[in-house]
Structure formats: structure tokens, C-alpha cells
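# An overview of the molecular structure
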Amino acid sequence: MSRTYVSNPLYAQLEQMVQQMYKAPAVISKNCPLAHLTTIPSLIRQTDLVILDHQVHASVQEAVKKLLSQGVSVEMIRHNNLEMLEDRILKQRSKYERIWYMADGVYSMYGDFAPIKDMIALAEKYEQLYLYVDDAHGMSWAGEHGTGYVMSQMGNTLYRKMVLTANLGKAFGACGGLSLFPNEEWYHKVNNFGGPLTFSVQIEPATLGAAIASAKIHLSEEIYTLQKELQNRIAYFNLLLKETDLPLVHESNSPIFFIGTGTMDMGNYLVQALLQDGVYVNLATFPAVPTKNIGIRITISLNNTYEDIEELVKRLQVNFTKALEATNQTQDKIRKAFKMTPAITVAAAKATPALEQFYKLKTYASIQEVDPNIWNGYLGKHGMFDWNGLNFLEKTFSGNGAAEHDWTFRYYQVEDEQGKLLLLTFSVIALHKEDIFSRVSVSKVVEKERELNPYYLTSTGVILGSLFTEGNHLYLNREHTGWKSALKLLMEELSREQEKAGASNVMLRDFEAGDQEMDEFMVAQGFVKADMPESCVVTNLGWKTETEFLDTLTKENRRNYSRYIKRYEHYFDVEVRDQLPEAELDHAISLFRNVKDKNLGLNIFLFPDKVFREMNNDPYWEFITLKLKKEFGGTGMPVAVCFCHKNAAKVYSFMLTGLDYEYTHKFGAYRQALLQIVKRANSLGYQKANLGISATLEKKRVGATAYPKVAYFQAKDNYTLEMLEATIAIEKE
């Protein structure tokens, strides 16, 4: 039963003891996530702004997400960056009554601290600034009466504009969440109207009893003896770690330690090796940490003897070295990922044969350096990125004078010792929008900001394939026993390209969805999987009559063809053209911009006009134009234009479209354009027509099969990803 109606008498006893510890009114919840869900919505108003620290605990962020749907504004700053916080205060204080900064006292992954004294100084400087701090990981081992790290930084008196939360679990040894308030008004508001207090169950009597027993220890002198004993063990662990070259990410006097491994592959190996030696540690993975900042998280407690700590360090050092060897990882890579100084000494390791001894990676800066027969034989059959298509792209995306339109191309080839080809692919280094794979509702919000700042949330990436092409950009001989080694060689080269270019991420796109072996491999290399729009392909070509074409469609799509497509065909004059006159080309470009403005499913920069002008002079491109007949109100200019590529392997690729949306709705111009693309591919005797991504339902109506696709993404940090998820309300799409 809810404690709002009937409360166990032990609650009152525990609350009294907690208030005695903190000298502040307290509300007790069943756990910390419920404490946040009780407190945050009760105190934050629509006239307030919430600013999250990037690394504030997920339970705080989840509670704040509830506010987004209520119209509360939420922002995020980089971890412990008070300069960034002050900048946001200065820019936003005229718009909001209160600005709440939400942070942890002790951060749960690396064990580092919030700059509490500096935060309070900033709150004193700006009266609008209020602080909400979660000290779940600072409880018991620090502070007077074990009230935590945050209280120890405030002279053991709760700051007048701070709400503090803490945990009756973890070091406290029981279970429950605490919310502490600087005034009675806030306490009564949360205690009387906090939602979860009404609908959630109570803490069990036995757990309340355990919490009371722990509170008695905290109110006695015994707590200081326990704190000192723990600090001695923490100091001993720090001392032993300094004698090794283990990459300790943050040294402090908190009980939380983080040893970096960089990749999931090495992290998994190290955890399993330690487990075999009788040592259990926790692997910290994405999204708790960035994909390149994976590592093992260790907590020291009074249950660990000094002998245990010595054995832990010994086993860590031995198995860490083994893990480096087994996963082809290096200290240098790990320390670079965590922005740490190089190791002073490196543990001796037996020589591990480098992948380069068995496989040869060749790189090229232009498609001109690659044999057209080899390229087209392995990759040319997939889409417009055959040898001629890439020659077109290199010419088009250079010399434009804008970062987003000038790309650096790279080509990669991996062979085994016998010279057998294992891998062939290409990449571009290009500026892209960081919400490229975000939900449409998220990109809509971001694009509003880009109206004032066009380069808002953009970064340079190393992208497998390109931002123009679509399809399987990677040839990989999966039947060869060395395919994973070949792929690792590619990853290492992409990482080097990333460092040289100062790129913030690596993006591998257009992989088949549902490939569990590939998923597991990519995650082990530190990549995160993201769903992409489906790729639509028509392969049922070679028909000679409309009846034969209809036989390739499903029963439902035959009905749709009659209802939505065939009935509008007579409204249009359709032409296939190698070139467009200047005025008509300009009109086609404007129609393309119409489509780009509406299509945020894969959010990329608008292509430069040079793309279309080069198409107009390239023999491998053609235009399908649809003009509304004059008797139906046509003006003589196209209402739909399809920009299509013909490749060396008889694959027809519908790359871009331009539409006048007035005629799309009234006369079904887009559906008619799709039909004409399929008809054109069939008339050329081609084997396949690529219809691209998005608008899957419409493409299925003309016989396309939709193939789910995924991308693998690796960023130097996950700030932007988390900021987008935490600060923008997701709409149903």
C-alpha cells in the first residue's frame, strides 16, 4: 500500500534519524530513481530551464525526460564545464525564472567529483541558478555522520539553493532513496504531492530496520573509524596502481576506480581472464561510457583486505598485458582514447605477430589509382559507385570552397599472403550533421537552430562509402578464415585517418540488418549499431507487357497500382533526357531542394549545384522528367525530375528526386515518377533498379523489395548523442 495513506511507523523513526544526520528535512523513497521521479517533476516548472551535466546519472536524466513533454526546456553541458554553464546562464537568464543545474556529487563511472564549491560560488553570483545534486555514490564513506561527499564540501550544511539526493543502498548498506531540501516549503510540496509516493509501494519493514541500524552507526563515532579504514585501503590501492602502467583514468580518494581498455574486445577478454583467476570486476560499456572509452570499473570496500588488494593489482597487471596481446590493442591507443599522458613504463610483452605479416593493406587516394576491372568486378554491380561513378564523385565533391562539399576520398584493398583479395571498399572524410541517424522529430528541432547557425552540431567523420551513395560499399570475403583480420586492418587504418584528419567519428553504413556475427564483431571493436532507413530494390525486370509487370506485384500492390498510379499516368508527358537546358536544370535543382527540405530521414547537407551540373555533362547520368500536360494546367516545366545513374553492370540507380508538392498531392506525381523509373530500367534491359531509401511503402507499390540496413558508429565521445536524446522530446513518427 502507498505510504501516502498508511505509513509503517519505522518510516518516521528513519526520517528523524536522517534529518538528524543532515540537519535538513528529508523525504524517503523506495529507491533513488523513484526519489528523482518524486522530486524533480514536483519542483521544476514550465518557467524553469534545466541544464544537465553530460555525465549526470541516467536515473536523473530519465526523470528529466518526463518534463520534456510538459514543455520544460532542457539543455546539456559538457562534464564539469562550469564555463559552459555560465555561458548558458548569461544567454538564457532573461527567458527563465530559475535555471537548475543537475549533477552528481561523485560520478559513478570514473569516480571523479563535481566542483561543489565552484558550483555554489556560481549560484551565489547568479540568483537564478539552483543546484540539484545526486550524491548516491558519495554516501557514507565521506562527510560528517557519513552524509556524503557533497555535504563535506559545504561545511556539512545544505546550501540554500540545493536539492540533494542520496542513497540508502550502496555504502549505506540498506535500500532506499533520499531527497533533502533546504526549506520546509519544498519538503512539504514533494512529500504531499510527489507522484511516486502516492502510487509506489513502501520499503519493506526488514529493509527499514536495516536502514535504521545503519543510521545508528552513522550517528555514532564508529562511522569515522570505518571511513578512515576505507580511506587507508583506497590509498593503498592507489599506491600499488602507481607502481604499474595500468591506465587508471582518474585518481582520487573515492572508492571508485576505472581502468581503461578502450575497446569492448579487450574489455571482455580482461574480465573473463580475471574471472578465471577468481577476481570479479565490472565492465563499463556504452552508453554508460563512450564506445572508445570502455573499461573495467572497480570499487574498494572494507570487505577487501590488504592482501585482496595486492592480489587484485597483481592479477590486473598480468591479465591486462595478456589482453593487450590477444586483442592487438596498445597502451598508446588506450591512453589516447582517454586523453591520458603516455605510460612512463610499458610492461614487457611477448611479441605478437602483427596482422600485416599475414595480410597486406593497400590504400589509394583516388579511383584513378585503382584497376577499373578489379573495382567493377567486386563493387561495381551494387550501385552508382562503380569506377566511373566514383570518378564523377571525386570531380564533383572537390573545389567547392565549403567544408561540407569538399571530401577526401580513400580506397582500401586487403589481400592475403597468396595475393587473394579479401576486402575492397572506399571512404570519404567529410563534414556531416551529427543528427544524421536521429529521429525526424529530433532533426526538425536541430534544423531550427541551424537557420541561425548552419554548422550547429556538425563534425568531421570518416565515412565508409559516402554521404551521396547508397548500397553495399564493402566487399568482404566472408568465406575466407581471415575476414575478421582483414576487417580489423581496415578499422585500424580508418582510426589512423581519423587521427590525421582530426575527425570526431567513424561511420560504417549500409550493412545488412540481422547479421549477428557482424554485430558482435563490430561491438567488440567499439562500434554502436544504428538503424538506417530501408533500401528499396527492384529485381523483377525483363517483362514485356504491362500484364507481365503486374504479375511481378503482390495482389495488394496490383490493386494499389490501379488505384494510385495507373489512373494518373495520362496526366503527364514523360521524357528521358541526357541533358537539360540551363533554365530547366535550375528548375530541377529547385525541385530537389523542395524534397531535401522535407526529407530528414537521413539528415545530410544540401548538395552543391555543381553535382547537378556535372550530371548534365556526364554520359552515365540521365534525367526522367514529368511535365503536367497543358490541358490539365501544365506550365511546360517539370513537376517531377528523377536524377538517375547507369552503371557498368547494368544497374539503374535512382539517386535523387525533385518534386513540386502541389502536383504530388493532386496528381500523384511522385508515384508516377517511381513507375517511370522502373519502366526505364526495364526498357534498358537492366538487371536491377535501385530506388534508394525512404518512402518504402510507395516503392513497394511498384515492385520494390525493402532491405533493412544498419550503420555502425564510433565517436570519440557520446556528448552529442546523449544531448540530443536528453534535451529534445521524441514525437511519434
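What counts, and at which threshold
- Residues numbered from 1 in each chain as written.
- Predicted model: local features only at pLDDT ≥ 70, side-chain atom pairs only at ≥ 80, totals over all residues.
- Heavy atoms only, no water.
- Helix = DSSP H or I, 4+ residues; strand = E, 2+ residues; numbered from the N terminus.
- Buried < 20%, exposed > 50% of the residue type's maximum accessible area, 1.4 Å probe, protein only.
- Contact = heavy atoms within 4.5 Å.
- Areas by Shrake-Rupley, 256 points an atom, 1.4 Å probe, with all protein chains shown as cover.
- Lys, Arg positive; Asp, Glu negative; His and termini not counted.
- Charge placed at Lys NZ, Arg CZ, Asp CG, Glu CD.
- Expected span 1.5 Å × (residues − 1).
- Phe/Tyr/Trp six-rings, centres within 6.5 Å; stacked < 30°, edge-to-face > 60°.
- Lys NZ or Arg CZ within 6 Å of the ring centre and 35° of its normal.
- Pairing = 2+ DSSP bridges.
- Axes fitted to C-alpha atoms, helices over the stretch in contact; angles between N-to-C directions.
- Salt bridge = Lys/Arg side-chain N within 4 Å of Asp/Glu carboxyl O.
- Polar contact = N/O pair within 3.5 Å; in protein donor to acceptor, adjacent residues only side chain to side chain.

## Remarks on the overall build of the protein
Counting its secondary structure elements, the protein contains 26 helices and 23 strands. Dimensions of the protein, computed from C-alpha atoms along their principal axes, come out at roughly 90 × 65 × 50 Å. Taken across its 733 residues, the protein has 57% of its residues classed as buried. For the protein, restricting intrachain contacts to residue pairs at least 6 apart in sequence, the fraction spanning at least 24 positions comes to 76%. Accessible surface, the protein as shown: approximately 31200 Å² in total, 50% of it carbon and sulfur. Averaging the positions of the 79 positive and the 88 negative side-chain charges in the protein gives two centres separated by 4 Å.

## Remarks on unusual backbone geometry
Residues Phe-286 and Pro-287 are joined by a peptide bond in cis, for which omega reads 10°. Take Pro-287: it is sitting in the loop between strand E9 (282-284) and strand E10 (294-299). Unlike most non-glycine residues, Asn-80 shows phi in positive territory, near 55°. Looking at the secondary structure, you find Asn-80 in the loop between strand E3 (73-77) and helix H4 (82-92). For Asn-80, a relative accessible area of 22% corresponds to the partly exposed category. One non-glycine residue, His-145, lies in positive phi territory at about 60°. The residue His-145 is located in the loop between strand E5 (129-134) and helix H6 (149-152) in this model. Given a relative accessible area of 15%, His-145 falls into the buried group.

## Quick look at the environment of Leu-230
The topology assignment puts Leu-230 in helix H10 (residues 222-242). Linking Leu-230 and Asn-253, residues 23 residues apart in sequence, is a C-alpha distance of 9.6 Å. Discounting residues that sit within four places of it in the chain, Leu-230 has contacts with Trp-141, Pro-255, Ile-300, Ser-301 and Leu-302.

## Focus: helix H12 (residues 306-327)
If you check H12, its first and last C-alpha atoms are 31 Å apart, about what 22 residues at 1.5 Å a residue would give, namely 32 Å. For H12, every residue scored as buried is listed here: Ile-309, Leu-312, Val-313, Leu-316, Gln-317, Asn-319, Phe-320, Thr-321, Ala-323, Leu-324, Glu-325 and Thr-327. On its buried face, H12 sits against H10, strand E8 (256-262), helix H11 (264-276), E10, helix H13 (331-337) and helix H17 (483-501). The first or second residue beyond H12 is Asn-328, which carries a positive phi of 55°.

## Things to note about the packing of aromatic side chains
With the rule as written, the count across this model stands at 37 aromatic pairs. Measuring from centroid to centroid gives 5.4 Å for Tyr-236 and Tyr-306, while their planes differ by 70°, and the two rings are edge-to-face. Remark: Tyr-306 occurs in helix H12 and Tyr-236 occurs in helix H10; sequence separation between them is 70 residues. Aromatic pair Phe-397 and Phe-607: ring centres 5.9 Å apart, planes at 75°, arrangement edge-to-face. In this pair, Phe-397 sits in the loop between helix H15 (387-396) and strand E12 (408-416) while Phe-607 sits in the loop between helix H21 (582-598) and helix H22 (609-615), placing the two residues 210 residues apart along the sequence. Summarising the burial analysis for this pair, Phe-397 and Phe-607 share the class buried. One cation-aromatic arrangement involves Arg-98 over Tyr-130; the distance from NZ or CZ to the ring centre is 5.0 Å.

## Quick look at the pairing of strand E7 (residues 177-180)
Both faces of E7 are covered, namely the face carrying Gly-177 and Ser-179 and the face carrying Leu-178 and Leu-180. As judged from the four bridges shared by strand E1 (residues 26-29) and E7, these two strands associate in the antiparallel manner. Looking across to E7, one finds that Ala-26 is bridged to Leu-180. Two strands pair when backbone bridges link them, and strand E6 (residues 162-167) and E7 are joined in this way by four bridges, in the antiparallel orientation. Note on E7: the bridge partner recorded for Ala-166 is Leu-178.

## Concerning the sheet that holds E9
Think of a sheet as strands paired side by side through backbone hydrogen bonds, with each pair either parallel or antiparallel. Overall, antiparallel pairing links the three strands, which are arranged E8-E10-E9 in an open sheet. At either end of the open sheet lies a strand with only one pairing partner, and these are E8 and E9. Within the sheet, the average angular offset between the axes of one strand and its neighbour, ignoring direction, is 30°. Examined bridge by bridge, E9 and E10 share three bridges and lie antiparallel to one another. For Asn-282, the partnering residue across the bridge sits in E10 and is Arg-297. Together, E8 and E10 form the strand contacts of H10, whose direction differs from that of E8 by roughly 30°.

## Quick word on the pattern of salt bridges
Under the criterion given, the structure shown has 42 salt bridges. A salt bridge links Glu-447 to Arg-450, with the nearest nitrogen and oxygen atoms 2.7 Å apart. Of the two residues, Glu-447 and Arg-450 both sit in helix H16 (residues 440-450), three residues apart, roughly one turn of that helix. Its salt-bridge partner being Lys-716, residue Glu-499 comes within 3.8 Å of it at the nearest N-O pair. Highlighted residues: Glu-499 in helix H17 and Lys-716 in the loop between strand E23 (705-715) and helix H26 (719-727), separated in sequence by 217 residues. Relative accessible area serves as the criterion here: at 41%, Glu-499 is assigned to the partly exposed category. By relative accessible area, which is 34% here, Lys-716 ends up partly exposed. The network of salt bridges with shared partners includes Glu-124, Glu-127, Arg-160 and Lys-161.

## A short note on the sheet that holds E1
Overall, mixed pairing links the seven strands, which are arranged E1-E7-E6-E5-E4-E2-E3 in an open sheet. Each edge of the open sheet carries a strand with a single partner, namely E1 and E3. When strand polarity is set aside, the average angle formed by the axes of neighbouring strands in this sheet is 20°. Relative to E5, strand E4 (residues 98-104) is paired through six bridges, and the arrangement is parallel.

## Quick word on the environment of Asp-135
Its place among the elements puts Asp-135 in the loop between E5 and H6. Counting along the chain gives 162 residues from Asp-135 to Arg-297, while the straight-line C-alpha distance between them is 18 Å. Here Asp-135 is in contact with Gly-105, Val-106, Thr-147, Gly-148, Tyr-149, Val-150, Leu-164, Thr-165 and Ala-166, once residues within four sequence places are set aside. A polar contact is formed between the side chain of Asp-135 and the backbone nitrogen of Tyr-149, at a distance of 3.0 Å.

## Re the pairing of strand E16 (residues 505-512)
Counting buried residues in E16 gives seven out of eight residues, a clear majority hidden from the surface. As defined by bridge partners, strand E14 (residues 458-464) adjoins E16 across four bridges and the pair is classed as parallel. Within E16, the residue paired with Val-462 across the bridge is Val-506. Here six bridges tie E16 to E23, and the two strands are oriented antiparallel to one another. Along E23, the bridge assignment pairs Leu-508 with Tyr-712.

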